[in-house]
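The residues making up each chain are set out below.
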Amino acid sequence: MKKIPTDVLIIGAGPVGLFTVFQLGQLGIRSCLVDCLSEIGGQCSALYPEKPIYDIPAYPNIKAIELVKNLEKQIKPFNPKILLDQKVEKINEINKAFEIITSNEKLIQAKCIIIAAGNGAFGPNKPPIDGIEEFEEKTIFYNVKNKQLFDGKKLAIAGGGDS
């Protein structure tokens, strides 16, 4: 099992986790991010990259994906270790520090753990329709990653929250 030494493990690579890397980096503290998604940005990347966000300091209006790209640039100088597509499965306290094992069998050694998981692992609430998988990402979508796919088309939107 490969050992990854770091000062701080951050669970969650959404905007809060990414900004935490920046804040720690400013203090000279090394960090490692773990996220169950396949890309950084949390819900901003996975669910609504085109959605405008209005409550970010110094940005009266910024698209979610632009915010994630800006955060990615901001943390780059601090060279965080980023582990995607995996979850923290086990945490052991050893000598006033932690050994963390992920679902991809990475062993992280950290002095501190910060949980920035937001809503955590999430997925769509799919309608209970036999064979629906055949239409997913073709004519049935659970989120909008690219608004241009729907230009000039008739749509039906069902659901709550951001829908």
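Look up a bit, the structure's there.
Before going into details, it helps to say that this report is about the structure given with it. (Residues numbered from 1 in each chain as written. Predicted model: local features only at pLDDT ≥ 70, side-chain atom pairs only at ≥ 80, totals over all residues. Heavy atoms only, no water.)

Regarding the sheet that holds strand β2 (residues 8-11)
(1) Moving on: If you trace the four strands from one edge of the open sheet to the other, you get β6-β3-β2-β10, paired in parallel fashion. Of all strands in the sheet, those bounded by a partner on one side alone are β6 (81-83) and β10 (112-115). Taking the axes of each pair of neighbouring strands and ignoring which way they run, one obtains an average angle of 20° across the sheet.
(2) Moving on: Pairing geometry for β2 and β10, over four bridges, is parallel. Bridged to I11 within β10 is I115. (Pairing = 2+ DSSP bridges. Helix = DSSP H or I, 4+ residues; strand = E, 2+ residues; numbered from the N terminus. Axes fitted to C-alpha atoms, helices over the stretch in contact; angles between N-to-C directions.)

Considerations on the pairing of strand β7 (residues 88-94)
(1) Moving on: Judged from the six bridges that link them, β7 and strand β8 (residues 97-102) form a sheet pairing that is antiparallel. Among the inter-strand pairings, V88 is bridged to a residue of β8, identified as T102.
(2) Moving on: Connecting the antiparallel pair β7 and β8 is a turn made up of two residues, with N95 showing a positive phi of about 50°.

Brief notes about the environment of A158
(1) Moving on: Along the polypeptide, A158 turns up in the segment after β10.
(2) Moving on: Residues A158 and P52, spaced 106 residues apart in sequence, show a C-alpha to C-alpha distance of 21 Å.

Some details on the pairing of β2
(1) Moving on: On β2, burial covers both faces: V8 and I10 on one face and L9 and I11 on the other are all buried.
(2) Moving on: Note: β2 against strand β3 (residues 31-34), four bridges, orientation parallel. The partner of I11 across the bridge, within β3, is V34. (Buried < 20%, exposed > 50% of the residue type's maximum accessible area, 1.4 Å probe, protein only.)

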